[in-house]
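Each chain, written out:
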Amino acid sequence: TTIRHTLKAYERLKSKKLIDKLFTEGKELNLYPIRVLYCINPASSQHQALFVVPKKKCKSAVIRNRLKRRMREAYRLHKYLLLTPQSVTSYFLIGFVYVGNSSQGNFQIIQNKVVKTLEHLK
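Residues numbered from 1 in each chain as written. Predicted model: local features only at pLDDT ≥ 70, side-chain atom pairs only at ≥ 80, totals over all residues. Heavy atoms only, no water.

Undergrad: Describe the overall build of the protein chain, and please don't skip the residues or the numbers.
TA: Looking only at helices and strands, one finds three helices and four strands in the protein chain. For the protein chain, the α and β elements follow one another from N to C terminus as α-β-β-β-α-β-α. Relative to the globule expectation of 14 Å for 122 residues, the C-alpha radius of gyration of the protein chain, 14 Å, shows essentially globular dimensions. Taking the principal axes of the C-alpha coordinates as reference, the protein chain spans close to 40 × 35 × 25 Å. Looking at the protein chain as a whole, 41% of its 122 residues qualify as buried. Of the contacts made within the protein chain by residues no fewer than 6 positions apart, 78% connect residues no fewer than 24 positions apart. With an accessible surface of roughly 7200 Å², the protein chain has 53% of that area assigned to carbon and sulfur atoms. Mean positive and mean negative side-chain charge positions of the protein chain (24 and 6 charges, respectively) differ by 8 Å. (Helix = DSSP H or I, 4+ residues; strand = E, 2+ residues; numbered from the N terminus. Rg over C-alpha atoms; globule rule 2.2 N^0.38 Å. Buried < 20%, exposed > 50% of the residue type's maximum accessible area, 1.4 Å probe, protein only. Contact = heavy atoms within 4.5 Å. Areas by Shrake-Rupley, 256 points an atom, 1.4 Å probe, with all protein chains shown as cover. Lys, Arg positive; Asp, Glu negative; His and termini not counted. Charge placed at Lys NZ, Arg CZ, Asp CG, Glu CD.)

Undergrad: Describe a nonpolar patch on the surface, and please don't skip the residues or the numbers.
TA: A surface patch of nonpolar side chains, amounting to about 300 Å² of accessible area, comprises Ile3, Tyr80 and Leu83. Relative to the helices and strands, tyrosine 80 is located in the loop between α2 (61–78) and β4 (92–98). (Patch = residues over 30% accessible without salt bridge, like charges linked within 9 Å, V, L, I, M, F, W, Y side chains within 5 Å. Salt bridge = Lys/Arg side-chain N within 4 Å of Asp/Glu carboxyl O.)

Undergrad: Residue-level account of a positive patch on the surface, with values.
TA: Together, Lys55, Lys56, Lys57 and Lys59 make up a positively charged patch on the protein surface. You can call lysine 59 exposed: its relative accessible area is 64%.

Undergrad: Provide a residue-level description of the environment of leucine 22, including the pertinent values.
TA: Note that leucine 22 resides in helix α1 (residues 16–25). Leucine 22 sits 70 residues away from phenylalanine 92 along the chain, and the two C-alpha atoms are 9.6 Å apart. Every residue in contact with leucine 22, bar those within four places of it in the chain, is listed here: Leu13, Leu37, Tyr38, Cys39, Leu50, Leu93, Ile94 and Gly95.

Undergrad: Account for the side chain of threonine 117, with residues named and values stated.
TA: With respect to the helices and strands, the residue threonine 117 is situated in helix α3 (residues 107–121). Taking relative accessible area as the criterion, threonine 117 reaches 1% and is therefore assigned buried. Ignoring any residue separated from it by four or fewer positions in sequence, one finds threonine 117 in contact with Leu29, Leu31, Val36 and Phe96.

Following this line, the structure appears as C-alpha cells:
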C-alpha cells in the first residue's frame, strides 16, 4: 500500500481552547528557524498541527503565507513519522512557529527542521 500524503481539516489545530493549552502547558523545542511547541492531547484521536509566522518577524503577508505553506507541506509529507505503532497511544498538539527572518525560508531548511521535530516526538 502507498501512503497518501494528505493534511485534512481535522488535522489542523483550530480550537482556541486547545491552542491556549498548547501555548501555556506545551513543551518547547528550538530548531532555528522554527520553534516547536508540543503537548499530549488525551482527548484527541489524531495529531493536530498549527502553523504560525508572526507579523513581527515577517511584515509581508505574501511571504508569511509562503512560509506557512512551506511548513504545512513539509509536515504533510513527513507526518507519517508520527504514526509508528508504538506512538499511537498518545496524540500530540504541535505548533510550528517560524522565528527566523524571511530570507531563511528555504523549503529544504524548513523540511529538515520539521523532520527532526517529528523524529524527536515519535
